[in-house]
Protein chains: 2
Amino acid sequence: MSIKDANRINLPESEMPKQWYNILADMKERPDPYLNPATNQPAKPEDFFPIFAEELARQEFATEPFIDIPEEIAEIYRMYRPSPLIRARQLEKLLDTPAKIYFKYEGNNTSGSHKLNSAVPQVYYNKKQGIKNLTTETGAGQWGTALAVAANFFGVPLTVFMVKISAEQKPYRKAIMETFNAKVIKSPSTTTHAGTIILEADPTCTGSLGTAISEAVEAAVTTPDTRYVLGSVLNQVLLHQSIIGLEAQKQLELVDEYPDIIIGCAGGGSNLGGLLGPFMRDKIQGKTNPRIIAVEPAACPSLTRGKYAYDFCDQGKITPMAKMYTLGCGFIPSSIHAGGLRYHGMSPILSKLYHDGLLEATSVFQTAVFDAAVTFAKHETILPAPESAHAIRTAIDEALKCKESGEAKTILFGLSGHGNFDLAAYTEYNEKKLTDYAPSDEELEAGFKSLPVIG
Amino acid sequence: MSIKDANRINLPESEMPKQWYNILADMKERPDPYLNPATNQPAKPEDFFPIFAEELARQEFATEPFIDIPEEIAEIYRMYRPSPLIRARQLEKLLDTPAKIYFKYEGNNTSGSHKLNSAVPQVYYNKKQGIKNLTTETGAGQWGTALAVAANFFGVPLTVFMVKISAEQKPYRKAIMETFNAKVIKSPSTTTHAGTIILEADPTCTGSLGTAISEAVEAAVTTPDTRYVLGSVLNQVLLHQSIIGLEAQKQLELVDEYPDIIIGCAGGGSNLGGLLGPFMRDKIQGKTNPRIIAVEPAACPSLTRGKYAYDFCDQGKITPMAKMYTLGCGFIPSSIHAGGLRYHGMSPILSKLYHDGLLEATSVFQTAVFDAAVTFAKHETILPAPESAHAIRTAIDEALKCKESGEAKTILFGLSGHGNFDLAAYTEYNEKKLTDYAPSDEELEAGFKSLPVIG
């Protein structure tokens, strides 16, 4: 039995990448610069120092293609990495497709998702700088859990602003963060100015990621020795997440494969942005030409229905502005939508790649996503996170197209996390209570009104 | 970097064992035979045919040391096996111990525990025999989940009798079983005679594993083409679970190690019984002499405080009788006890090994178990199942003894599952609501009164 016959393609720990890959180095045109909201002028690393650890602020602007992974970070990575690349043989059989379907599975760690890949370095660089407290926000809870695990590991106290509706829908997410010593505050809260204003306008507000970010940033900049950390969107996050794609590339090489199609779910873009790295590099350099597809929920369609414009990263309009595909920082996805992927914008890097035609995007409805999730679970025996299941939906659709055309394409998708904390949503699905939803044009127009007007 | 420096010792899929190991073949004295309750005479395989698939009934009596794993089963095993053997380097560092601590981690599959190892063959042999429905019971939910995954995979409908208090404490366990198409009934229920009698005596009864077994067995024997499957206790289960120990032995060989101490939690005995196989074989054959330790909860101490006697496997007294350490089939552990490991008896094989001095046993209180669980989670970034954390508790205690004595012992423990579905119990622990409990001598005496009087 050769490794080509295996389901799981394991990479030895000794083969774990020793550097992250920085796609900014290879983009022919880089994303437009962040703007300082006080001046509307391009932001410099120093402008981020009050918010982020200095090394992380510098990584935000880094232009070298490879950046060393410090040993202190690698040591923790090696507790759960390299993550497996898995051939979905049972799913292929079910679909009766000539396509070969591989997925890179990031759910085999306590935080349950890829988010730990960026949580570890973000805490590390803060700790190294002597930062005494960290703040963050979390929506579906994956990032908050990952950061709680990492912060506890390095002994840095952490406060998590958790979107109120998520905290209520997912009490166990809160419990696991607390088990790892994090302090969890439901957002909007009265602990911040930003939260207080939102609650005064609407005391029943169930929160949004944008609001939680505002609160977490405010708590960081108004508390001594405190910094904010963000689990997606940023260049530094895509840098750290590049380990996903770098490993996947090595693993595919072990079985002499190269993907024709690469698929990832996209909320803020951290998972897909990490998965696509080395493949997008090849594509930019003209060595290969894979299709690379971002899958977003129809309920929060920043790439497929948003505007490519400068916007704030938070609802409270206190962060620097980024050029990105966005629904407007005031956009709040309907609570009909059960999963994560609720951010109003999209990573500036992914936005630029999409704008330049290097990245495709598609949106899917949630019942179709849960159909795919349950089909996958039943045949591959992994229960996916609803977010990750967006990628499964599109992978299945592409594999079925291969069945029609008879093409034996190689499909790689990112299975960014498990769904063990999402059983409330699965119960809704099982009980046929999930319905589909996409914002109307009027709802989108209302969101666009929250876009800043630049000087 | 050599594999000796790695955290995870992965075994290639091609090295996955092709046979299970049957410890019955090597025991100098075998457990006393099962008794047919109608005649008090030793049961034969045929006596089990109304309850179990014939091949499984035969495995219950098998005497050959190795039994081939059919390819249809190996194909599913390979979706999640070989499971990783992990060196707990961060825990070692924290404890500042010269001991080397390895754990075999069985939580990396959707069912979340080792239970899938026996669920797959049990469904397979039933399917092969043309059985159309399966019934089982579940307490903490691991077995029910595993069986739901396996039954769905082979397309065999499954009814799970879930201990009522567990179903209420763990709604998401019920949800995941339903996601995999299982029908979940809270036990005791009025769907069976056994359940009805218990409810008539006590309408507020919150259930026990013994009662749920009675209901599941009754449903199997009174429904056409239906069989019962059990996730622990039985010889066939230990046989299937032997893949844990066989893999662990190979993995330890890769790093030139042999365990001085082997530790597993023990409820019915499936996890420890699987882990110890090849090491117990060596010990019986005089080749090595490792200490092998069963860890049970103080709340349900069958080995450490039970009687070695014939008892029914269920509360309703309809199953064959087994000679085992037991608290009496009428014993119901206090609901103060938050985790699983609630079965009144212990696997006849483990009972005999304990009786013959080949196996040690210890019992631990639950707050000490959760202390160990949280310490482990924080340093090894895996949240353990409370059941599995019993083994962690004792592994830590043994590693601390090594620190005192300066001995660099090699400790192997079984981490049988993850705790992602046990956050309600972790919340109780975090909120300091968990208390310790052990039955009084009077409570034990009351349990022993339910023991059958033989001949």
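Here is what the cut-offs are and how they apply
- Residues numbered from 1 in each chain as written.
- Chains lettered and ligands numbered in written order.
- Predicted model: local features only at pLDDT ≥ 70, side-chain atom pairs only at ≥ 80, totals over all residues.
- Heavy atoms only, no water.
- Helix = DSSP H or I, 4+ residues; strand = E, 2+ residues; numbered from the N terminus.
- Rg over C-alpha atoms; globule rule 2.2 N^0.38 Å.
- Buried < 20%, exposed > 50% of the residue type's maximum accessible area, 1.4 Å probe, protein only.
- Contact = heavy atoms within 4.5 Å.
- Areas by Shrake-Rupley, 256 points an atom, 1.4 Å probe, with all protein chains shown as cover.
- Lys, Arg positive; Asp, Glu negative; His and termini not counted.
- Charge placed at Lys NZ, Arg CZ, Asp CG, Glu CD.
- Disulfide = S-S within 2.5 Å.
- Buried area = accessible area lost by both parts, 1.4 Å probe.
- Salt bridge = Lys/Arg side-chain N within 4 Å of Asp/Glu carboxyl O.
- Nonpolar A, V, L, I, M, F, W, Y, C, P; charged D, E, K, R; others polar.
- pLDDT = per-residue confidence, 0-100.
- Axes fitted to C-alpha atoms, helices over the stretch in contact; angles between N-to-C directions.
- Parallel < 35°, antiparallel > 145°, perpendicular 65-115°, else oblique.
- Pairing = 2+ DSSP bridges.
- Right-handed = clockwise from strand over helix to strand, strands pointing away.
- Phe/Tyr/Trp six-rings, centres within 6.5 Å; stacked < 30°, edge-to-face > 60°.
- Least-squares fit on C-alpha atoms with pLDDT ≥ 70 in both.
- Core = buried A, V, L, I, M, F, W, Y, C linked by side-chain atoms within 4.5 Å.
- Arc of directions from axis to C-beta.
- Polar contact = N/O pair within 3.5 Å; in protein donor to acceptor, adjacent residues only side chain to side chain.

Student: I'm lost on the overall build of chain A in this one. Help?
Tutor: Along the backbone of chain A there are 18 helices and 17 strands. Scaling as 2.2 N^0.38, a compact globule of 455 residues should have a C-alpha radius of gyration of about 23 Å, and chain A matches this with 20 Å. When its C-alpha atoms are laid out on the principal axes, chain A stretches across 60 × 50 × 45 Å. Looking at the 455 residues of chain A, the share that counts as buried comes to 67%. Considering only intrachain contacts with a sequence separation of at least 6, the fraction spanning at least 24 residues in chain A is 76%. Only carbon and sulfur atoms are counted for the fraction: they give 50% of the accessible area of chain A, which is about 14700 Å². Side-chain charges in chain A split into 44 positive and 53 negative, and the spacing between the mean points of these groups amounts to 2 Å.

Student: I keep staring at the state of the cysteines and nothing clicks. Help me out?
Tutor: Defined simply, a disulfide is a covalent bond joining two cysteines at their sulfur atoms. What the rule picks out here adds up to zero disulfides over all chains. The cysteine B:C313 is free of any disulfide, with B:C329 supplying the nearest cysteine sulfur at 9.4 Å.

Student: How should the environment of A:S214 be read in this particular structure?
Tutor: Residues and elements named next belong to chain A. Mapped onto the fold, S214 is located in helix α10 (residues 209–221). For S214, a relative accessible area of 0% gives the class buried. Separated by 195 residues in sequence, S214 and Q19 place their C-alpha atoms 32 Å apart. Beyond its immediate stretch of four places on either side in the chain, S214 contacts A194, D314, Q315, G316, K317 and I318.

Student: Please clarify how the interface of chain A and chain B should be interpreted in this entry.
Tutor: If you look at the interface, chain A gives 46 residues, while chain B gives 46 residues. For the pair chain A and chain B, the summed buried area comes to about 4200 Å², and 53% of that belongs to carbon and sulfur atoms. Our count for the contact surface shared by chain A and chain B stands at two salt bridges. Close ionic contact of B:K93 with A:E75 constitutes a salt bridge, the shortest N to O distance being 2.7 Å. For the side of chain A that touches chain B, the elements supplying multiple residues, two or more each, are α3 (71–80), α4 (89–95), α6 (142–154), α8 (171–179), α15 (366–380) and α17 (423–430) of chain A. In terms of residues, the side of chain A that touches chain B owes the most to one element, α8(A), which gives six residues. In the side of chain A that touches chain B, the residues fall into 20 nonpolar, 17 polar and nine charged.

Student: Looking at this model, I keep getting lost on the confidence of the model for chain A. Mind explaining?
Tutor: Do not read the fine detail of predicted coordinates wherever pLDDT is low. Looking at chain A, pLDDT values average 95 and 100% of them are 70 or higher. Reported for the predicted complex are a pTM of 0.95 and an ipTM of 0.92.

Student: I'm lost on the packing of α15(A) against α17(A) in this one. Help?
Tutor: Each pair of packed helices gets described by two things: the angle between the helix axes and the distance between those axes. Residue and element names in this part refer to chain A. The N-to-C vectors of α15 and α17 enclose an angle of 105°; their axes lie 11 Å apart at closest approach. Here α17 runs roughly perpendicular to α15, going by the angle between their axes. In this structure, α15 uses T367, F370, D371, A373 and V374 to contact α17, whose residues at the interface are A425, Y426 and Y429. For the contact of α15 with α17, the class distribution of residues is six nonpolar, one polar and one charged.

Student: Sorry, what's going on with the environment of B:T192 here?
Tutor: Residue and element names in this part refer to chain B. Take T192: it is sitting in the loop between β10 (183–187) and α9 (193–201). For T192, a relative accessible area of 5% puts it in the buried group. In this structure the C-alpha to C-alpha distance between T192 and V217, which are 25 residues apart in sequence, comes to 9.7 Å. Those residues in contact with T192, other than ones at most four positions away along the chain, are F161, E215 and E218.

Student: Explain the pairing of strand β8 (residues 133–138) of chain A to me, please; I cannot follow it from the model alone.
Tutor: All names here are of chain A. Counting buried residues in β8 gives five out of six residues, a clear majority hidden from the surface. Pairing between β8 and strand β11 (residues 226–228): three bridges, direction parallel. Across the sheet, N133 pairs through a bridge with T226, a residue of β11. As a crossover connection, the stretch from β8 through α6 into strand β9 (residues 158–163) is right-handed.

Student: I would appreciate a short explanation of the packing of aromatic side chains in the present structure.
Tutor: Where two aromatic rings form a pair, the distance of their centres and the angle of their planes describe that pair. If you walk through the whole model with that rule in mind, you get 37 aromatic pairs over all chains. Ring geometry for A:F48 against A:F52: centres 5.6 Å apart, planes inclined by 5°, an arrangement best described as stacked. Ring geometry for B:Y124 versus B:F154: centroids 6.0 Å apart, planes at 55°, classification tilted. Placement of B:Y124 in helix α5 (residues 116–128) and of B:F154 in helix α6 (residues 142–154) is noted, with a sequence separation of 30 residues between them.

Student: Honestly, the relation of the copies chain A and chain B in this entry has me stumped. Any pointers?
Tutor: The two chain copies are connected by a rotation around an axis plus a translation along it. Here chain A sits on chain B after a turn of 180° about the axis and a move of 0.0 Å along it, with an RMSD of 0.0 Å. Given the turn and translation reported, the copies of this chain are related as if by a two-fold rotation axis. Both copies present the same face, since 100% of the interface residues in chain A are matched by interface residues at the equivalent positions in chain B.

Student: It is not clear to me how the pattern of salt bridges should be interpreted in this structure. Could you clarify?
Tutor: All names here are of chain A. In the structure shown here, the tally under the stated rule is 48 salt bridges over all chains. Of the charged contacts, one joins K104 and E247 as a salt bridge, the two residues approaching to 2.7 Å between their closest N and O atoms. Taken as a pair, K104 in strand β7 (residues 100–105) and E247 in helix α11 (residues 235–254) lie far apart in primary sequence, 143 residues in all. In this pair, the class of K104 matches that of E247, namely buried. Several salt bridges converge on common partners, so that one network encompasses R81, K104, E106 and E247.

Student: Honestly, the nonpolar core in this entry has me stumped. Any pointers?
Tutor: Generally speaking, a soluble globular protein has its nonpolar side chains buried in company with each other. Counting residues in hydrophobic clusters, the biggest one holds 193 residues, and the most contacted among them are A:F413 and B:F413. Setting aside its immediate chain neighbours within four residues, B:F413 contacts B:I101, B:Y102, B:F103, B:K104, B:I263, B:L275, B:F376, B:A391, B:I392 and B:A395.

Student: Looking at this model, I keep getting lost on the sheet that holds strand β10 (residues 183–187) of chain A. Mind explaining?
Tutor: Backbone-to-backbone hydrogen bonds join strands into a sheet, with any given pair of strands oriented parallel or antiparallel. All names here are of chain A. Across the sheet, four strands lie side by side as β10-β9-β8-β11; this open sheet has parallel pairing. One side of each edge strand has no neighbouring strand; the edge strands of this open sheet are β10 and β11. On average, each strand axis in the sheet is tilted by 25° relative to the strand beside it, whichever way the strands run. Packed onto the sheet, α10 meets β8, β9, β10 and β11 and runs at close to 170° relative to β8.

Student: What should I look at first to understand the sheet that holds β10(B) in this one?
Tutor: All names here are of chain B. Taken together, the four strands give an open sheet; going across it, the order is β10-β9-β8-β11, and neighbouring strands pair in parallel fashion. Of all the strands in the sheet, the pair left with one neighbour each is β10 and β11 (226–228). With strand direction ignored, the average angle separating the axes of adjacent strands in the sheet is 25°. Of the strands in this sheet, β8 (133–138), β9 (158–163), β10 and β11 are in contact with helix α10 (residues 209–221), which crosses β8 at around 170°.

Student: Just checking my understanding: could you explain unusual backbone geometry for this structure?
Tutor: If a residue is not glycine, its phi is most likely negative; likewise, a peptide bond is most likely trans. Each neighbour pair has its own omega, and for A:S187 with A:P188 the value is 5°, a cis peptide bond. Along the polypeptide, A:P188 turns up in the loop between β10 and α9 (193–201). Of note, the phi angle at A:K317 is positive, near 60°, even though the residue is not glycine. With respect to the helices and strands, the residue A:K317 is situated in the loop between β14 (307–312) and β15 (321–326). Here the phi dihedral of B:N40 falls at roughly 60°; this positive angle occurs in a residue that is not glycine. Looking at the secondary structure, you find B:N40 in the loop between β3 (35–36) and β4 (41–42). A relative accessible area of 26% places B:N40 in the partly exposed class.

Student: What is the right way to look at helix α18 (residues 441–448) of chain A in this model?
Tutor: Each α-helix winds once per 3.6 residues, and so residues spaced three or four apart point in a common direction. All names here are of chain A. For α18, the complete set of buried residues consists of L444, G447 and F448. The buried residues of α18 occupy an angular sector of 100° when projected down its axis, which confines them to one face. Close packing links the buried residues of α18 with α13 (302–305), β14 and β15.

Student: Any chance you could explain the side chain of A:H240 here in plain terms?
Tutor: All names here are of chain A. As for its position among the elements, H240 is in helix α11. Taking the relative accessible area as the measure of exposure, H240 reaches 0% and is therefore buried. At 2.9 Å, the side chain of H240 and the side chain of S118 are in polar contact. With sequence-adjacent residues up to four places away left out, H240 is seen in contact with W20, L56, Q59, Y77, N117, S118, P121 and Q122.

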